[in-house]
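Per-entry structural report
Here is how the chains run, residue by residue.
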Amino acid sequence: MFAALARFTIRYRWPVLIVFLILFPVAGVFGGGLFSSLAGGGFDDPTAESFKAEQRISDRLGASRADVVALYTVSSGTVDDPATSASLAAAVRRVAADPAVERVAAFATTGSPQFISRDRTRAFAVITFRDAATDAAEVERLRPLLAAGGATLSLGGLIPVDEEIGSQVESGLQRAELIAFPITAVLLVVIFGSLVSAAVPLLLGGFAIMLAFATLRIITAFTDVSQFAANIVTVLGLGLAIDYSLFILNRYREELPERGVEGALITAISTTGRAVAFSGITVAASLVGLFVFPRMFLRSMALGGIAVTLGAVVLAITLLPALIAVLGPRIDALRVPRLGRAPVRERAAIENGFWHRVAVAVMRRPVLVAVAVVAVLLVAGSPFLRFHASTPDVRVLGAEVEARTVSDLIDREFLPHQTTPHQVALTGRDSVLTPDAIGALYDYTRRVAELPGVTRVDSIFSLAPGLDRAAYQSLYSRSASEQDAGLAAGLATFGRDNFTRLAVVSAGESDAAVTQAQVKALRALPPPTGMDVLVGGAAAGLTDLKDGIRARAPLMIAVITAVMLVVLFLVFGSVTLPLKALAMNLLSLTASYGALVWIFQDGRLEGLLRYESLGSVDATQPILMFAIVFGLSMDYEVLLLSRMREEYRRTGDNALAVAHGLEKTGRLITSAAALLVVVIGAFATSDIIFMKQLGVGMALAIAIDATIVRALLVPATMRLMGRWNWWAPAPLGRLWQRIGLGDLEGHGPVSAPAAAGAGQPRLHKRRDPL
């Protein structure tokens, strides 16, 4: 199939180039509008209790989101000064009267002291919009209305935070591209020694990103796509397109002296192109595992990754051979003296190569090497045993950002964390304002207030503080006409008919142990008689995220594992190689997980990496890294083992195949990994800490996989397993042959060794490099 595809692209190279020349400008213009179509957030799980609680509160009482937090700082005096107080009250009235605003909570509207700082030099107001999709432009429209004489205004809240994160994501992409492109260009020149050869992978990388952006913009017409999908598109698009081009170009250059342009190109696509196609399928299949999670953020990362990976594969096996066919030997034009190295084919040169010597040295003591490497990787991964999870909040922004400054000042100078309380939604069978319901709710509220670390509980009882149980029963059971107008307005904020809510303020951040314990305690508390309870808020959202990951991660791992086993069997016709490859990938991931905790959770390398440690790691990092890095690791595994299999089919000698295969791919794999680490490392310069965590974690995993695992662990285990590397049961071998995937090599899978003395087949001594 791949040989036929190569012949087709060679024969119709000019039409293929023309089609892509027409497609790319269209994709570039259309995909350029992607950022305006991307959505913020996406971390909510519609099936989680926390989400249902927030929805119920919004449906019954109106939205209670802190869309905008307006912080006022007086230049002199206090907020109690008559002129300042009147100015602040006027600003609140102006904003509350705006048709886009649903609610404004401030001292002027509630009389609650929680809106005044301890030293009374600051005050804040919380604005909630009617439309949850309100954007930053609407916030800026309100800024003049919020201005108050004698006070400096600063804006925070959900919308400014989302806007700042989106802006930093976009600027981070631009900065990363400015860093990654020049460095990868220089490395490609060093690898190939030719300006033309070096330009081709960069060209394909840019095209892959353009096509993926256009694809994602089409997808945004049907479903929300997170703004963070653009990051994964750029990282994988540039990295994989360069890797795939590098692999195919290297094989073409290797075959060119003996086979000529057409023969070398057909061989390159039939062998390395085949490996590239299956590598891309494994990366895309690995990302499919993210769809088991209902959060839009994870689904978007999968959509972006799959789109750009498949696009990179298509370009590598269609556009690239068409370009090579047009350029022919000129693919090595504009050579740079003393740079690059032509691929070697002579056996003597191969057996004197660095990677051949490494493989031979490893295979002389395979047990020692395997045990030592596994031990090192497990020790490196041990910090992950104390993994502490968090979710993105305002703390992902730098301390100098206005929205972050507002949050920090409120936590420091007011009651901390009052803008992110636990939201407790209570629904009764009958009205919550009957004497019995009021009494039960009063008792429940007292029990909530006694939970460790709870600093305040806002409820209907906060509207008339200081009364006892009986007084509240008498006060709230009056008819609406008998109640004070202000009290009635307050009741509309906290309760209506058979529904009411509590806002429970914690002493800790949402990811703190005390706050997470409060979520469990709130959900375990017996509800008031005749009512059901749902607990929401940021801390509950994190609890639900962790529970959801624990519940669905096994399914994700099962999906990825099953797909990987099938794909790798289709590539190699072996059942043992896929199992071994899975084990190798898990080891490299384990080490990088440990490094994430050691660096970010423990606060090491803060100065070098320019971040502020939160004492935690984003909860989604392990599953994102599993899905992405697992696929990328298989990329190198497929290339390496494909070449080893070619050598094994040619020689019949396992040890010789391993040594020759590593020599022919070792430099290529390390070069490709270095390029990918540069690309991903550039994105680790992001100002958003969880994107920095993902970039550093992925770069470390790829570096570990391409060096320690591929250079040491793979040769050791291949030597230990011997001919069993290539084994499959006879029925599966026949199936593999029947579907035509063994045509390239002309042989089916190796049968099981004879039972007598078959633990490790004897190698042919005249070929055994050991």
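Residues numbered from 1 in each chain as written. Predicted model: local features only at pLDDT ≥ 70, side-chain atom pairs only at ≥ 80, totals over all residues. Heavy atoms only, no water.

**Details of the overall build of the protein**
Helix and strand content of the protein: 25 helices and 11 strands. On the principal axes, the C-alpha backbone points of the protein span a range of 100 × 60 × 45 Å. Across the 770 residues that make up the protein, the buried fraction comes to 57%. Per element, the accessible surface of the protein, about 30,000 Å² overall, is 62% carbon and sulfur. (Helix = DSSP H or I, 4+ residues; strand = E, 2+ residues; numbered from the N terminus. Buried < 20%, exposed > 50% of the residue type's maximum accessible area, 1.4 Å probe, protein only. Areas by Shrake-Rupley, 256 points an atom, 1.4 Å probe, with all protein chains shown as cover.)

**Things to note about the packing of aromatic side chains**
Under the defined criterion, the tally for this structure stands at 17 aromatic pairs. Summarising the aromatic geometry, the rings of Trp724 and Trp727 are spaced 5.6 Å apart at their centres and angled 65 degrees between planes, so their arrangement reads as edge-to-face. The class of Trp724 is partly exposed, set by a relative accessible area of 26%. Three or more aromatic residues joined by ring pairs form one cluster here, namely Phe20, Phe24 and Phe207. (Phe/Tyr/Trp six-rings, centres within 6.5 Å; stacked < 30°, edge-to-face > 60°.)

**A short note on the side chain of Thr515**
Residue placement: Thr515 occurs in helix H18 (residues 513-524). A polar side-chain atom of Thr515 sits 3.3 Å from the main-chain carbonyl oxygen of Gly508. For Thr515, the residues in contact, after removing those within four places along its chain, are His422, Ser506, Gly508, Glu509, Ser510 and Ala539. (Polar contact = N/O pair within 3.5 Å; in protein donor to acceptor, adjacent residues only side chain to side chain. Contact = heavy atoms within 4.5 Å.)

**Digging into the pattern of salt bridges**
Scanning the entire structure with this criterion turns up 26 salt bridges. For Arg175, the salt bridge identified is with Asp687, shortest N-O distance 3.6 Å. Taken together, the residues span a long stretch of sequence, with Arg175 in helix H7 (residues 158-192) and Asp687 in the loop between helix H23 (654-683) and helix H24 (689-721) at a distance of 512 residues. Residue Arg643 is joined to Glu254 by a salt bridge in which the shortest nitrogen-to-oxygen separation is 2.5 Å. With a gap of 389 residues between them, Arg643 in helix H22 (residues 621-651) and Glu254 in helix H9 (residues 229-288) connect regions that are remote in the sequence. Of the residues examined, Glu254 reaches a relative accessible area of 3% and is grouped as buried. Among the charged side chains, a network of salt bridges with common partners joins Arg251, Glu255, Arg259 and Glu646. (Salt bridge = Lys/Arg side-chain N within 4 Å of Asp/Glu carboxyl O.)

**Side note on helix H14 (residues 402-413)**
The end-to-end C-alpha distance of H14, which contains 12 residues, comes to 16 Å, matching closely the 16 Å that a straight helix rising 1.5 Å per residue would cover. Residues of H14 that are buried include every one of Ala403, Arg404, Val406, Ser407, Leu409, Ile410, Asp411 and Glu413, and no others. (Expected span 1.5 Å × (residues − 1).)

**Quick look at H18**
Residues spaced three or four apart along an α-helix face the same direction, because each turn holds 3.6 residues. For H18, with 12 residues, the first-to-last C-alpha span of 17 Å sits near the 16 Å given by 1.5 Å per residue. For H18, the complete set of buried residues consists of Thr515, Gln516, Gln518, Val519 and Leu522. What you see down the axis of H18 is that its buried residues fit within an arc of 150 degrees, all on one side. Among the exposed residues of H18, those pointing more than 90 degrees away from its buried face are Ala513, Lys520 and Ala524. (Arc of directions from axis to C-beta.)

**Details of the pairing of strand E10 (residues 531-536)**
Burial of E10 is extensive: 5 of the 6 residues sit out of reach of the surface. Relative to E10, strand E6 (residues 422-428) runs antiparallel, the two being bridged by 6 bridges. Paired with Thr427 across the two strands is Asp532, which belongs to E10. (Pairing = 2+ DSSP bridges.)

**Overview of a nonpolar patch on the surface**
A surface patch of nonpolar side chains, amounting to about 440 Å² of accessible area, comprises Trp14, Ile18, Ile22 and Val26. Along the chain, the position of Trp14 falls in helix H2 (residues 13-31). (Patch = residues over 30% accessible without salt bridge, like charges linked within 9 Å, V, L, I, M, F, W, Y side chains within 5 Å.)

**Section: the confidence of the model for the protein**
Close reading of the predicted structure is inappropriate where its pLDDT is low. Mean pLDDT for the protein: 84, with 92% of residues reaching 70 or above. Scored below 50 in pLDDT, residues 742-767 makes 57 contacts in the model with residues more than four places away or belonging to other chains. (pLDDT = per-residue confidence, 0-100.)

**Let's talk about unusual backbone geometry**
In this structure, Leu334 is a non-glycine residue whose phi angle is positive, near 55 degrees. Summarising the element assignment, Leu334 is placed in the loop between helix H10 (296-327) and helix H11 (347-351). Judged by relative accessible area, which is 57%, Leu334 ranks as exposed. Within the chain, His417 stands out as a residue other than glycine whose phi angle is a positive 65 degrees. Mapped onto the elements of the fold, His417 is located in the loop between H14 and E6. With relative accessibility at 9%, the residue His417 sits in the buried group.

**Observations concerning the environment of Val448**
Checked against the element boundaries, Val448 lands in helix H15 (residues 435-449). Distance from Val448 to Leu502, taken between C-alpha atoms, is 9.5 Å for residues 54 residues apart in sequence. Excluding residues within four positions of it along the chain, Val448 makes contact with Val454, Val457, Leu502, Val504, Leu522 and Leu525.

**Focus on the side chain of Gln473**
In this structure, Gln473 sits in helix H16 (residues 469-476). At 2.8 Å, the side chain of Gln473 and the backbone oxygen of Pro435 are in polar contact. Leaving out residues up to four positions away in the same chain, Gln473 has contacts with Pro435, Asp436, Ile438 and Gly439.

**A word on the nonpolar core**
In this structure, Tyr244, Leu315, Leu319, Leu397, Leu632, Met644 and Met698 are the most contacted members of the largest nonpolar core, which totals 180 residues. If one sorts the elements of this core by residue count, H9 sits on top with 29 residues. Among residues more than four places away in sequence, those in contact with Leu319 are Leu17, Phe20, Phe24, Leu204, Phe207 and Val314. Counting 30 residues, the second largest nonpolar core, distinct from the first, contains Leu441, Leu451, Leu491 and Leu525. (Core = buried A, V, L, I, M, F, W, Y, C linked by side-chain atoms within 4.5 Å.)

**Some thoughts on the environment of Thr500**
The topology assignment puts Thr500 in strand E9 (residues 499-506). Overall, the relative accessible area of 1% leaves Thr500 in the buried class. Separated by 33 residues in sequence, Thr500 and Val533 place their C-alpha atoms 10.0 Å apart. Excluding its chain neighbours within four sequence positions, the residues that come into contact with Thr500 are Val424, Ala425, Leu426, Val432, Leu441, Ile460, Phe494 and Gly495. Looking at Thr500, its side chain comes within polar contact range of the main-chain oxygen of Phe494, at 2.7 Å.

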